[in-house]
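The primary structure of each chain is shown beneath.
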Amino acid sequence: MADAPTGISRALREAPPDRVVEAADVAIRAALGASGTSVFVADYRISGLWPVLDSRQPAVATPDVQGTVQRCFSSQQPVRESGEDGRCRIYVPLSVWGERLSMAAELQWELLPGRSVSHDSFQLAGQLEPAYTVGGDHFDWSLDDGRLTVTVLNGDGIGLAAALLTSVTVNAMRNARRSGGGLVEQAELASDTVYYQHRGHRHVATLLLELDCVTGRVRAVDAGSPHLVRVRGGAVSRVTLEQQLPLGMFGETRYDLQEFDLDPGDRLFIVSDGVWAADPSGRETYGERAMARAMRATRLQPPTEAVGTVMRELQTFHADTDLRDDAVVVCLDWRGSVGREQG
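A. Quick peek at the overall build of the protein. Per the secondary structure count, the protein includes 10 helices and 15 strands. Put simply, the protein has 343 residues, and 47% of those count as buried. As displayed, the protein offers around 17300 Å² of accessible surface, 51% of which is attributable to carbon and sulfur atoms.

Printed below as a string of structure tokens:
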């Protein structure tokens, strides 16, 4: 059984693209002794997961199955359930590699980190929904030595040019971070990299956060337009930071740190301008009232579900129109440091 995941992964990688479902069925039956399998795939907007149709599977997933499948997908953790018939069902996250949309979208998706991360003191989840034209928006996170770094970028431009610019910016920040640089060094290296490539004609609005997992202290560099919103109790309020120049606007730009504290139970949302500034019909923006209502509605949901709720409400706000800009939603719950409480 120890080699089961490896065998299943190998079978999926070796299968032709049009035979992945059949390969998963055969491999899981052989490795785990399962009596039957079903494969569910996420739709483009990650609004639901649906069975891949073939002669062995029903056309529609029942609500209880759909909820369990969504929980497994959101958490990326196995879920086990026992049925009334005494049979056991195990839901497991399944990942395969394949072609995605356009080259710009491929670059954008490949650059993303894991969809969620859980820690004793916090839980984090993020979701990106690209517009049809792909605007280069992005989120990133890294956990190292008791510090969580989170960045959200508003892309500049559309298509491949926007995706390439985002890739350069993100990798510059990652390089600075892996070399031991803090938020300021990450922002300054990325800004100089973008400036000396585009000489100020292109720039990237970015919010960088660093959470101390022991104290709940947050350091921030606000270099542009992503918004930071705090949900405390039932109140939703904007965390106001001093906005500095977007990355790459000028050479040798210097950035300043700002700090604030989180209380146990606080929830932070970070949203790109494709979320808070969305105005599909020219009326008030999503960020004026509708976004706060959506965020309040997530109070009983974990971050993995909360990001989907805010994104679905954004789609409802757009009614029958497509997103004009990429949308990024990141949700961070601060539980409080267990070590600090015990100490």
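B. Region of interest: the environment of leucine 165. Mapped onto the elements of the fold, leucine 165 is located in helix 5 (residues 159–178). Considered as a pair, leucine 165 and valine 204 are 39 residues apart in the sequence and their alpha carbons are 8.1 Å apart.

C. Representation of the nonpolar core in the model. Within the largest apolar cluster, 26 residues are counted, with the highest numbers of intra-cluster contacts made by Phe122 and Leu228. Among the elements of the structure, strand 6 (122–129), strand 8 (147–154), strand 9 (205–212), strand 10 (217–223), strand 14 (267–271) and strand 15 (327–334) are those that each provide at least two residues to this core. Here the element with the most residues in this core is strand 15; it accounts for 4 residues. The contacts of leucine 228, once residues within four sequence positions are left out, are Leu207, Leu209, Ser237, Arg238, Val239, Leu241, Phe260, Leu268, Phe269 and Ile270. With 22 residues, the next largest nonpolar core counts Met295, Leu314, Phe317 and Val329 among its residues.

D. Molecular detail of the pattern of salt bridges. Under the defined criterion, the tally for this structure stands at 15 salt bridges. With a closest N to O distance of 3.7 Å, arginine 147 and aspartate 212 form a salt bridge. Taken together, the residues arginine 147 in strand 8 and aspartate 212 in strand 9 connect sequence positions 65 residues apart. On the basis of relative accessibility, which here comes to 35%, the residue arginine 147 falls in the partly exposed class. Overall, the relative accessible area of 16% leaves aspartate 212 in the buried class. Between arginine 202 and aspartate 156 there is a salt bridge; the shortest N-O distance is 3.1 Å. With arginine 202 in the loop between helix 6 (183–198) and strand 9 and aspartate 156 in the loop between strand 8 and helix 5, the pair connects residues that are 46 residues apart, well separated along the chain. Several salt bridges share partner residues, and in doing so they unite Arg217, Arg219, Glu259 and Asp261 into one network.

E. Main features of the sheet that holds strand 10. Reading across from one edge, 7-8-9-10-13 is the order of the 5 strands in this open sheet, with antiparallel pairing throughout. The open sheet has two free edges, formed respectively by strand 7 (138–144) and strand 13 (258–261), since each of these has just one partner strand. Across the sheet, the mean angle separating the axes of adjacent strands is 20° when strand polarity is ignored. Examined bridge by bridge, strand 10 and strand 13 share 4 bridges and lie antiparallel to one another. Paired with valine 218 across the strands is phenylalanine 260, a residue of strand 13.

F. Seen up close, the sheet that holds strand 5 (residues 116–118). With antiparallel pairing, the 6 strands of this open sheet are ordered in space as 5-6-15-14-11-12. The strands lining the two open edges of the sheet, one partner per strand, are strand 5 and strand 12 (235–238). Averaged over all pairs of adjacent strands, the angle between strand axes in this sheet comes to 15°, irrespective of strand direction. Direction of pairing for strand 11 (residues 227–232) relative to strand 14: antiparallel, over a ladder of 5 bridges. The partner of histidine 227 across the bridge, within strand 14, is valine 271.

G. Looking closely at the packing of aromatic side chains. This structure, assessed with the given rule, holds 2 aromatic pairs. Here tyrosine 195 and tyrosine 196 contribute two aromatic rings whose centre-to-centre distance is 5.1 Å and whose plane-to-plane angle is 80°, an arrangement assigned as edge-to-face. By relative accessible area, which is 19% here, tyrosine 195 ends up buried. What makes tyrosine 196 partly exposed here is its relative accessible area of 42%.

H. Expanded view of the confidence of the model for the protein. Per-residue pLDDT for the protein has a mean of 84; in total, 87% of the residues score no lower than 70. The low-confidence segment residues 55–60 (pLDDT under 50) makes 12 contacts with residues lying over four places distant or belonging to another chain. Counting interchain partners and residues more than four positions distant, the pLDDT-below-50 stretch residues 339–343 has 4 contacts.

I. Spatial organisation of helix 4 (residues 103–111). If you check which residues of helix 4 are buried, you get Ala104, Ala105, Gln108 and Leu111. Along the axis of helix 4, the buried positions cluster into a sector of 135°, meaning they face one direction only. Residues of helix 4 that are buried in the fold lie against strand 6, strand 7 and helix 5.

Rules used throughout
Residues numbered from 1 in each chain as written. Predicted model: local features only at pLDDT ≥ 70, side-chain atom pairs only at ≥ 80, totals over all residues. Heavy atoms only, no water. Helix = DSSP H or I, 4+ residues; strand = E, 2+ residues; numbered from the N terminus. Buried < 20%, exposed > 50% of the residue type's maximum accessible area, 1.4 Å probe, protein only. Areas by Shrake-Rupley, 256 points an atom, 1.4 Å probe, with all protein chains shown as cover. Core = buried A, V, L, I, M, F, W, Y, C linked by side-chain atoms within 4.5 Å. Contact = heavy atoms within 4.5 Å. Salt bridge = Lys/Arg side-chain N within 4 Å of Asp/Glu carboxyl O. Pairing = 2+ DSSP bridges. Axes fitted to C-alpha atoms, helices over the stretch in contact; angles between N-to-C directions. Phe/Tyr/Trp six-rings, centres within 6.5 Å; stacked < 30°, edge-to-face > 60°. pLDDT = per-residue confidence, 0-100. Arc of directions from axis to C-beta.

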